[in-house]
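Listed here are the chains, written in short residue letters.
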Amino acid sequence: MIRKVLKNLTIATALPLLFVGGVVAEDIDYGKFDDYTLRVKLIGGAQYEPLYAEIEKWEAMTGAKVDVLSRKNHFELDREIKQDIAAGTLDWCVGSNHTSFAPQYGSIYIDLNGVIPEATLAEFQELALKNSTVDGRLVQLPRHSDISNLYYKKSLYADQANKDNFKAKHGYDLTPPETWAQFKDQAIFFADAPTFYGTQYVGKDEAITGRFYELLVAEGGQLFDENWNPTFNSEAGVRAVQWFKDLYDAKAVPAGVLNYLWDDTGLGFASGTVALNLDWAGWASFFNDPENSKVAGDIGLVRAPVGSGGKRSGWSGSHTFSITETCDNKEAAASFISFLTSHERQMVEATKGLLPTRAKVWDDAKAEFAGAGNDFMVNVFETYAVSMTEDAFTPPLITPWIEVSNELWPRLQAAILGEMTPQEALDEAAAETKIIMEDAGYN
Amino acid sequence: MSNIAKGVPFWRKEQFTPFILLSPAILTLMFVVLLPLLFSLYTSFTGYRLIRPESLYDWVGFRNYERIFSNKNFWIAFGRTILFLTIALNVEFILGLGIALLINRITWGQRTLRTFMMFPMMFSPILVGYQFKFIFNDNIGILNNALQALGLSDGAIPWLVDKYLAMFSILFAEIWMSTSVFAILLLAGLFAMPRDPLEAAKVDGCNAWQVFRHITLPFIMPFAFIAMTIRSLDVARAYDIVDVMTGGGPAGRTELLWTLIARVGYDNSRMGQANAMAYVSILLSILFTYYFFTKLLAARKYMGGAE
């Protein structure tokens, strides 16, 4: 039975390559699971919903029902899953996962190698699969990927007065920033608090840890050495923290930025009161939609800047789906996650701006945008395609990553607010991180 | 009689009747309160981590307690929680007393006003948190916009970031939500107050302040202490509002015991250590409750009530 279903799945997931744009869901055999109820826990949020609207098609094809037990943001879902592990209530089959979270969960999820056919896996980007692998086990199937690039308000760069003043002040032409130093210069140049800000950054939780991490790498630093000793309290680390602090001190970012998360930065840029915004691709179509955004039609996009270490920042990760070891019908679960990550389903998400994990979808989505005359989204896909191939790197895929992050971010905030020097903040975080890594058996 | 009594099984004897009648309540309490308490006490002596259920049996003795007692951040959060409690209770008491006295004086529309007054209590703390997060937002919040529009401020005041303003904002939300607890209980006290002493005092020539200070206030103090006991337990476990508004940040400036405990227990999965912190926090609550009950008994004694 398993072999038959998997064989069908192989054919099913390969088929779309032959019928780009023309495949109807009913052509694909995802197996039959009549009267079975698949219990799932999914990440919730506006940009993830279009995919979930497709679930009823899978139900119609397979005869199964999907019971969505929860639909929360990743941080809340993470807490819930940890409670399930503790209480032994992993009585569900499929869960949303993330490359940054997955290493924490030990062996609660099955290895998808051998469960999802090799031919299907071959259609996914190699890097996305590599990042989904923990201790040699493919514990998750990548749904879409994330990496940030720099959106900017084009009209500011076309303005002659801006060009002249900037050149006079900084001695080089005003063009979208290529380096993190230029990013800072320009953000401070454009800022006019409290009505207009140069940029903004996410200021708490793992969000600011991630931003710090990518800037640290761009500046030539690393979080750990090869023996898992923390090394982020280096000169590169101090320079990275200083970047955040300088912008904060110059009032180039809103004063409340240390409470900001992704929605705040996205909505802030859409409100037209921010010049530069380093953000995910998922926001692109929102930014360019006149109903939601005041900067629609006035947006430029360049790759994330290069640090003084000569490297471009590229903090990346993937949203994924996993199947629990305790699942009572792994075939149905495998069928379900194959459906959710199929070519058609990734096209649904890609047309909203989410970055696909299947190589072919990149081209097809771009072709669809080009066909519709949507040059902005073509540019978005071209820019993000380059950064996914050349710049992407994940945080260390280690069990205590979130714990390490929780030691880092409050101290980054303290340094930005001037309660500690960047060096003191990083030294203290490094000392705590060392204990966490020792407790976790890393050194 | 004694022969009959001898034939009766011990559990039907009169002296056991109260225990038998109370046994459903005692058993329920044991299951829902005592067992979880004992279990969490046990885990506080283990290296229990949520993501490794087998660590429940890693006995570490007092290590969790040693770690938190030598942890500066824990003690800062502990001290801040006491400060938060003290300010919230006092301000709520004063405002609640004022509202109760005002409502007590009006003769028309009192019931409607009492209902209105309870509205903030009807909202979930999470909603209250979001409401004030929006009001106090430095960029798009209505408070800063109003201040700028009225010409009272020309900058964005960082309500949720500044060292003092962030605590003020959270206190404001907490007080807004729960002042009516005091007002309702104190109003009940005022309704129950006998008129004779008041009239006698007036006949004796006392002014309004003297009547309030020496008759009204002592009479309603037992009600105030009941409200304080309830609210001290509530405020000592303040979490929702703080988590939504600031998450305990920035840089731990609004970190209270329970935001810290939740982060350690859930985000860091160190449930053993979080339970050790929770036990210290429970001691704090017990101390406050004991203090208010002592004051309550003293106040009732003063009024000629309980001995």
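What counts, and at which threshold
Residues numbered from 1 in each chain as written. Chains lettered and ligands numbered in written order. Predicted model: local features only at pLDDT ≥ 70, side-chain atom pairs only at ≥ 80, totals over all residues. Heavy atoms only, no water. Helix = DSSP H or I, 4+ residues; strand = E, 2+ residues; numbered from the N terminus. Rg over C-alpha atoms; globule rule 2.2 N^0.38 Å. Buried < 20%, exposed > 50% of the residue type's maximum accessible area, 1.4 Å probe, protein only. Contact = heavy atoms within 4.5 Å. Areas by Shrake-Rupley, 256 points an atom, 1.4 Å probe, with all protein chains shown as cover. Lys, Arg positive; Asp, Glu negative; His and termini not counted. Charge placed at Lys NZ, Arg CZ, Asp CG, Glu CD. Phe/Tyr/Trp six-rings, centres within 6.5 Å; stacked < 30°, edge-to-face > 60°. Lys NZ or Arg CZ within 6 Å of the ring centre and 35° of its normal. Domains from an automatic or database assignment. Buried area = accessible area lost by both parts, 1.4 Å probe. Salt bridge = Lys/Arg side-chain N within 4 Å of Asp/Glu carboxyl O. Polar contact = N/O pair within 3.5 Å; in protein donor to acceptor, adjacent residues only side chain to side chain. Axes fitted to C-alpha atoms, helices over the stretch in contact; angles between N-to-C directions. Parallel < 35°, antiparallel > 145°, perpendicular 65-115°, else oblique. Disulfide = S-S within 2.5 Å.

Participant: A description of the overall build of chain B should follow, citing residues and the corresponding values.
Facilitator: Looking only at helices and strands, chain B features 14 helices and 0 strands. Counted from the first residue to the last, chain B has its helices and strands arranged as α-α-α-α-α-α-α-α-α-α-α-α-α-α. Its C-alpha radius of gyration of 25 Å places chain B more than 25% over the 19 Å reference for a compact globule of 307 residues. Once the C-alpha set of chain B is aligned to its principal axes, its extents read approximately 90 × 65 × 35 Å. The buried share of chain B, reckoned over its 307 residues, is 43%. Summarising the internal contacts of chain B: among those between residues at least 6 apart in sequence, 66% fall at separations of at least 24. As displayed, chain B has an accessible area near 17100 Å², and 69% of this comes from carbon and sulfur atoms. If the 25 positive side-chain charges of chain B are averaged to one point and the 18 negative ones to another, these points end up 5 Å apart.

Participant: Hey, could you go over unusual backbone geometry for me, with residue numbers and the actual values?
Facilitator: All names here are of chain A. The linkage connecting A193 with the following residue, P194, adopts the cis geometry, with an omega of 5 degrees. Along the polypeptide, P194 turns up in the loop between α9 (180-190) and α10 (205-218). Positive phi is not limited to glycine here, since D135 has a value of about 50 degrees. Its place among the elements puts D135 in the loop between β4 (133-134) and β5 (137-138).

Participant: Can you explain α9(A)? Please cite residues and give values.
Facilitator: Because the α-helix completes a turn every 3.6 residues, residues three or four places apart line up on one side. Every buried residue of α9(A) is accounted for by A:W180, A:F183, A:Q186, A:A187, A:F189 and A:F190. In this fold, the buried residues of α9(A) make contact with β6 (141-153), α7 (154-158), α8 (160-170), α10, α11 (235-249) and β7 (276-280) of chain A.

Participant: An account of the packing of aromatic side chains is needed here, citing residue identities and associated values.
Facilitator: By the definition in use, this model includes 55 aromatic pairs over all chains. Relative to B:F78, the ring of B:W75 has its centre 5.2 Å away and its plane inclined at 70 degrees; by these criteria the two rings are edge-to-face. Placement of the pair is B:W75 and B:F78 together in helix α4 (residues 72-105), with a separation of 3 residues, close to one helical turn. Here B:W75 falls in the partly exposed class, since its relative accessible area comes to 33%. By way of ring pairs, the aromatic residues B:Y42, B:F45, B:W59, B:F62, B:Y65, B:F69, B:F74, B:W75 and B:F78 are connected into one cluster. Above the face of the A:W280 ring, A:R211 is positioned so that its terminal group lies 5.5 Å from the ring centre.

Participant: So what about the domain arrangement of chain B? Which residues, and what values?
Facilitator: According to the domain assignment, chain B contains domain 1 (1-34) and domain 2 (68-302). Once you take the C-alpha centre of each, domain 1 of chain B and domain 2 of chain B turn out to be 42 Å apart.

Participant: Please provide a residue-by-residue account of the interface of chain A and chain B, values included.
Facilitator: The partner chain B presents 34 residues to the 32 residues of chain A that form the contact. Carbon and sulfur atoms make up 46% of the surface buried where chain A meets chain B, a total of about 2700 Å² over both sides. The closest approach of N and O atoms between B:R49 and A:E403, which form a salt bridge, is 2.8 Å. Linking chain A with chain B are 14 residue pairs in polar contact (both at pLDDT 80 or more). Listed by contribution, the elements that provide at least two residues to the side of chain A that touches chain B are α4 (74-87), α18 (401-416) and α19 (422-439) of chain A. Among the elements that line the side of chain A that touches chain B, the one with the most residues is α18(A), at 8 residues.

Participant: Go over the packing of helix α5 (residues 110-117) of chain B against helix α9 (residues 163-191) of chain B, please, and point to the residues and values.
Facilitator: Residue and element names in this part refer to chain B. Contact geometry of α5 with α9 gives a least axis separation of 10 Å together with a crossing angle of 150 degrees. With respect to α9, the element α5 is oriented roughly antiparallel. Across from Q110, R114 and M117 in α5, the residues of α9 making contact are S180, A183, I184, L187 and F191.

Participant: Summarise the environment of B:G129; cite the residues concerned and give the values.
Facilitator: Residue and element names in this part refer to chain B. Note on placement: G129 falls in helix α7 (residues 125-136). With relative accessibility at 0%, the residue G129 sits in the buried group. Put simply, G129 and N207 are 78 residues apart on the chain and 43 Å apart in space, counted from C-alpha to C-alpha. If we skip the residues at most four places from it in the chain, G129 touches I241, V244 and M245.

Participant: Explain the state of the cysteines residue by residue, including any values.
Facilitator: Residues and elements named next belong to chain A. For the structure on display, the rule yields 1 disulfide over all chains. There is a disulfide in this structure between C93 and C327, and the S-S distance comes to 2.0 Å. Handedness here is read from the sign of the S-S torsion; for C93 and C327, about 90 degrees, the answer is right-handed. With a gap of 234 residues between them, C93 in the loop between α4 and β3 (94-98) and C327 in the loop between β9 (316-323) and α14 (330-340) connect regions that are remote in the sequence.

Participant: So, the domain arrangement of chain A: which residues are in play, and what are the values?
Facilitator: Residues and elements named next belong to chain A. What the domain assignment lists for chain A is domain 1 (2-146 + 317-381) and domain 2 (148-315 + 398-439). Between the C-alpha centres of domain 1 and domain 2 the distance comes to 31 Å. Every contact between the two is made by 15 residues of domain 1 and, on the other side, 15 residues of domain 2. Of the roughly 1400 Å² buried at the junction of domain 1 and domain 2 (both faces included), carbon and sulfur atoms supply 64%.

Participant: Give a description of α8(A) that names residues and reports values.
Facilitator: Measuring from the side-chain oxygen of the N-cap residue of α8(A) to the backbone nitrogen of A:A161 gives 3.1 Å; that N-cap residue is A:D159. Where α8(A) ends, the next residue or the one after it, A:G171, has phi of about 80 degrees, a positive value.

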